[in-house]
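Working through the structure, step by step
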Amino acid sequence: MKIVRTERDLRNTVWGWRGSGDRITFVPTMGALHEGHLTLVRLAKKYGERIVVSIFVNPTQFAPGEDLDAYPRTETEDARLLEAEGVDLIYVPDPQTMYDVHHATTVKVGGVAQGLETDYRPTFFDGVALVVTKLFNRVQPDTAIFGEKDYQQLATIRRLVEDLDMSINIIGAPIARDGHGLALSSRNAYFDADGLTLARKLNIIMKKCASDMREGQHVDVATDEAKRALLEAGFSSVDYVEVRSPNSLTVLEGGYLNGPARVLVAAHCPNQGNSVRLIDNFAV
Ligand code: PAF
């Protein structure tokens, strides 16, 4: 497995593979890898002969005051895990070469990128769209894999690729969960035992919300009940519990389920005098 840090080394290797007829599948990450990322890598193998994984904690998707500095960085362990999965190349760009001092371009996605996360992290998807565009331009993959855990991010990237005519097949990977149903996330590393116990309740509450709606409960009633249950369980605040259509993420008409939908949640879980923001989503 190669570890490359420069754009030139990346392009040389990938062009060589492409010249031999290999298809490139790309898994962008911010490192601090866990089983969830490894499921993306395993899925990647189905789509190409060569797997490239990037590790880059992208500063432009963190707002001032967010956890950019605290975000876990575990490159040696990440490389060990990726090598064991048979990854061909890890790309670890330097932040200065990703965004040089003259950088002046933004990438803004409308529609699916509006509302939900953007109401609470207004610049998040601008940062994601920018770095993903740059990584796609550098790696030039045939296919790229993103987790469904960041459901709105996945929808935003699909929109970006469609709108900017990028010839890349975007694949969504099902959410990987621990034995208690908590969606795997690099930020789960922040939890102490009490935080983890509470975080695991989110899944139970949201599954009940989904099942109530499936059985005919009005969407507003079910989501209000879920918000109340999260607060009663000990979550310090709930940013949203919302039901949207699965692809366009538009608000459901009529207030009752009349086809497939997705319920999306963001809530703050108290932990060691601070809080960890959890996001998750469930098919209904
Ligand atoms: O989902 C992530 O880990 C990041 O948002 C991504 C897609 C790697 C862009 O930095």
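Structure: see above.
Quick look at the structure, then. Quick caveat: nothing in here was measured; it's all calculated off a predicted structure.

1. Here's the deal with the sheet that holds strand β9 (residues 274-283)
What holds strands together in a sheet is hydrogen bonding between their backbones, with the strands either parallel or antiparallel. With antiparallel pairing, the three strands of this open sheet are ordered in space as β7-β8-β9. In this open sheet, the two strands that pair with only one neighbour each are β7 (237-244) and β9. Strand-to-strand twist across the sheet, computed as the mean angle between neighbouring axes with direction ignored, equals 15°. Pairing between β7 and strand β8 (residues 262-271): seven bridges, direction antiparallel. Considered in β8, the bridge of Val238 is made with Ala267. The sheet contacts of helix α9 (residues 201-214) involve β7, β8 and β9, and relative to β8 the element is tilted by about 155°. Most of the contacts of helix α10 (residues 219-233) go to β7, to which it runs at about 155°, and overall it touches β7 and β8.

2. Section: the pairing of strand β6 (residues 169-173)
The element β6 is largely enclosed, with a buried count of four among its five residues. In this view, the connection linking strand β5 (residues 143-147) to its parallel neighbour β6 by way of helix α7 (residues 151-163) has right-handed handedness.

3. As for the packing of α9 against α10
In the contact formed by α9 and α10, the axes pass within 9 Å of each other and the chain directions differ by 160°. Accordingly, the angle class assigned to the pair α9 and α10 is roughly antiparallel. At the point where α9 passes α10, the crossing takes the right-handed sense. When α9 is examined against α10, the residues Lys201, Leu202, Ile205, Met206, Lys208, Cys209, Asp212 and Met213 are found in contact with a partner set consisting of Val219, Ala222, Thr223, Glu225, Ala226, Ala229, Leu230 and Ala233. Residues of the contact of α9 with α10, tallied by class, amount to eleven nonpolar, one polar and four charged.

4. Digging into the environment of Gln272
Mapped onto the elements of the fold, Gln272 is located in the loop between β8 and β9. Classification of Gln272 as exposed rests on a relative accessible area of 57%. As a C-alpha pair, Gln272 and Ala193 span 79 residues in sequence and 9.7 Å in three-dimensional space. Each residue touching Gln272, except ones within four places of it in the same chain, is listed here: Tyr190, Phe191 and Asp192. Within the structure, Gln272 has its side chain in polar contact with the backbone oxygen of Tyr190 (distance 3.1 Å).

5. Re the nonpolar core
Counting 34 residues, the largest nonpolar core has Leu10, Val52, Val132, Phe136, Phe146, Ile157 and Ile170 as its most contacted members. Elements that contribute at least two residues to this core include exactly α1 (7-19), β2 (24-29), β4 (89-91), α6 (124-139), β5 and α7. Looking at this core, the element that brings in the most residues is α6, giving ten residues. When neighbours within four sequence positions are excluded, Leu10 is seen to be in contact with Val4, Val52, Leu89, Tyr91, Arg138 and Val139. Core analysis: the next-biggest nonpolar cluster, separate from the first, contains 28 residues, Met206, Cys209, Val243 and Ala261 among them.

6. Notes on the site of the ligand
Taken together, Pro28, Thr29, Met30, Asn58, Gln61, Val128, Val131, Phe146, Asp150 and Gln153 make up all the residues around the ligand. Contact distances for the ligand include 2.7 Å between an oxygen atom and a side-chain N or O atom of Gln61. Gln153 has a polar side-chain atom sitting 2.8 Å from an oxygen atom of the ligand. Starting from 290 Å² of accessible surface for the ligand in isolation, the protein chains cover 88%. Of all the secondary structure elements, the ones that give two or more residues to the shell around the ligand are β2 and α6.

Procedures and definitions
- Residues numbered from 1 in each chain as written.
- Predicted model: local features only at pLDDT ≥ 70, side-chain atom pairs only at ≥ 80, totals over all residues.
- Heavy atoms only, no water.
- Pairing = 2+ DSSP bridges.
- Helix = DSSP H or I, 4+ residues; strand = E, 2+ residues; numbered from the N terminus.
- Axes fitted to C-alpha atoms, helices over the stretch in contact; angles between N-to-C directions.
- Contact = heavy atoms within 4.5 Å.
- Buried < 20%, exposed > 50% of the residue type's maximum accessible area, 1.4 Å probe, protein only.
- Right-handed = clockwise from strand over helix to strand, strands pointing away.
- Parallel < 35°, antiparallel > 145°, perpendicular 65-115°, else oblique.
- Left-handed = near helix turned anticlockwise from the far one by under 90°.
- Nonpolar A, V, L, I, M, F, W, Y, C, P; charged D, E, K, R; others polar.
- Polar contact = N/O pair within 3.5 Å; in protein donor to acceptor, adjacent residues only side chain to side chain.
- Core = buried A, V, L, I, M, F, W, Y, C linked by side-chain atoms within 4.5 Å.
- Near = heavy atom within 4 Å.
- Areas by Shrake-Rupley, 256 points an atom, 1.4 Å probe, with all protein chains shown as cover.

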